[in-house]
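Here's the letter readout for the chains.
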Amino acid sequence: MMPLLEQHVSLRPYNTFGLDVQARYFARFSSADELRQLLQLPEVQGLEKLILGGGSNLLFTQDFNGVVLKNEIRGLEIISEDADTHTALVRAGAGESWHGLVEYALDQNLSGIENLSLIPGTVGAAPLQNIGAYGAELRDTFEHLEALSLATGEVRLFNATECGFGYRESVFKNTLKNQFVVTAVALRLHRMAQPNVRYGAITETLAELGIEGEPTPHDVSRAVVHIRRSKLPDPAQVGNAGSFFKNPEVSQAKFDQLKSDHPDLPGYPVPGGVKVPAAWLIERAGWKGLRRGPGEGTHGVHDRQALVLVHHGGASGNDLRQLAEEIISSVRQQFGIELHPEVNIL
């Protein structure tokens, strides 16, 4: 059955900022075959295409004069086990929710992605962004993904090397941007691995929750969910896209110079330099908790996490983009550091 192609559809329910922009055309697909059928329609050919997952990493600043294709490919399964390495290969459809995959893994007594609990969005978006949090990244467990070429309709496999993972980065955000649609992701998860609790906030939260001794992957997931819910607004209540900015990386010399001026500046060693928390820079520049717009404010910066821009209702995507640009300029002037958005601005 041919998927339905709709015209002039509001994207408000499909982006976590809750911005009311329209798509010229809109359709859903739940298999690679359905996507191929849509790509062959005369209305679709020649127009710009936007593949939509959970809409949790997008800022729309205008209507989309192209085709929005919503990825709803489902499926969660263990496709192989390796007794020697005590690992299992889990395959997930790209339209599954990311947190749903984390919960599935835990239910199967598999670990490796519990530190990425409650990250919004879909499985298909995870490798594009190389999602990460609390001392873990997707590439730590990534085996391969399946992606359909928009040009040929053929599905090919990409391994980790071919994906070119970096910090919130992959080839699908640069050299292969808008050329492939992820249809499935396979992760190598562990049966007996020790949970990753190197990130300080996890250890503190485990103690706060009364969890003693060696924590289980379930315990780590519970702690991460607790941290995220205490710091980040629920998009169902307040429009947001999670962390709006990447944490910048600076040279050791630059960090030492900043540290002399700001002794309380945090920093985390990375290859080639030091990663500095963008939230610290934004808060120190005076933006945390800011509200703008009529009445009590239509948009601003979250009062508990300066990395998060929020939409209270009544603002436009351009209002939020202008705020982001002012924050970038302010941090540049005060610290000589350039912030870059993690969110895709359209």
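Our structure's up above, just so we're on the same page.
What comes next concerns the included structure.

Cut-offs and rules
- Residues numbered from 1 in each chain as written.
- Predicted model: local features only at pLDDT ≥ 70, side-chain atom pairs only at ≥ 80, totals over all residues.
- Heavy atoms only, no water.
- Helix = DSSP H or I, 4+ residues; strand = E, 2+ residues; numbered from the N terminus.
- Buried < 20%, exposed > 50% of the residue type's maximum accessible area, 1.4 Å probe, protein only.
- Contact = heavy atoms within 4.5 Å.
- Phe/Tyr/Trp six-rings, centres within 6.5 Å; stacked < 30°, edge-to-face > 60°.
- Lys NZ or Arg CZ within 6 Å of the ring centre and 35° of its normal.
- Pairing = 2+ DSSP bridges.
- Expected span 1.5 Å × (residues − 1).
- Arc of directions from axis to C-beta.

Before going further, it helps to examine the overall build of the protein chain. Counting its regular elements, the protein chain contains nine helices and 20 strands. C-alpha atoms of the protein chain, sized along the principal axes, occupy 60 × 60 × 35 Å. Counting the 346 residues in the protein chain, one finds 51% classified as buried. Counting contacts in the protein chain only where the partners sit at least 6 residues apart, residues at least 24 apart contribute 59% of the total.

On to helix α2 (residues 98–107), then. Judged by how many residues are buried, α2 sits mostly within the fold: seven of 10 residues are covered. Along α2, the residues classified as buried are W98, H99, L101, V102, Y104, A105 and L106. The inward-facing, buried residues of α2 contact β6 (76–82), β7 (87–93), α3 (125–129), β12 (180–190) and α6 (217–231). N109 sits one or two residues past α2 and shows a positive phi near 60°.

What follows covers the packing of aromatic side chains. On inspection of all chains with the given rule, the structure shows seven aromatic pairs. An angle of 25° between the planes, with centres 4.8 Å apart, marks the rings of Y14 and F26 as stacked. In this pair, Y14 is assigned in the loop between β1 (6–10) and β2 (22–29) and F26 in strand β2, connecting sequence segments 12 residues apart. Here the two residues Y14 and F26 agree in accessibility, since each one is buried. Each ring, one from F244 and one from F245, has its centre 5.1 Å from the other, and the planes form 65°; the classification is edge-to-face. Each member of the pair, F244 together with F245, is buried. Aromatic rings pair up to connect F17, F244 and F245 into one cluster. The ring of F158 carries R156 above its face, with NZ or CZ at 3.7 Å from the centroid.

The next point concerns the sheet that holds strand β14 (residues 249–250). Taking strand neighbours across the sheet as the criterion, the three strands line up as β14-β16-β15 in an open arrangement whose pairing is antiparallel. Edge positions in the sheet fall to β14 and β15 (268–270), since each has one partner strand and no second. Of the strand pairs in this sheet, β14 and strand β16 (residues 273–275) are connected by two bridges, and their pairing is antiparallel. Each bridged residue has a counterpart across the sheet, and for V250 the counterpart in β16 is V274.

The terminal C-alpha atoms of helix α9 (residues 317–335) lie 27 Å apart, and with 19 residues this matches the ideal 27 Å at 1.5 Å per residue to within 8%. Within α9, the full set of buried residues consists of G317, L320, L323, A324, I327, I328, S330, V331 and F335. Mapping the buried residues of α9 onto a view down its axis gives an arc of 165°, with all of them on the same face. Where α9 is buried, its residues contact β4 (58–59), α7 (252–261), α8 (278–284), β17 (291–292), β18 (299–301) and β19 (309–311). Positive backbone phi, at 70°, marks G336, one or two positions downstream of α9.

What follows deals with the pairing of β2. Of the strand pairs in this sheet, β1 and β2 are connected by four bridges, and their pairing is antiparallel. Residue pairing across strands places S10 opposite Q22, the latter belonging to β2. Examined bridge by bridge, β2 and strand β5 (residues 64–71) share six bridges and lie parallel to one another. Along β5, the bridge assignment pairs R28 with K70.

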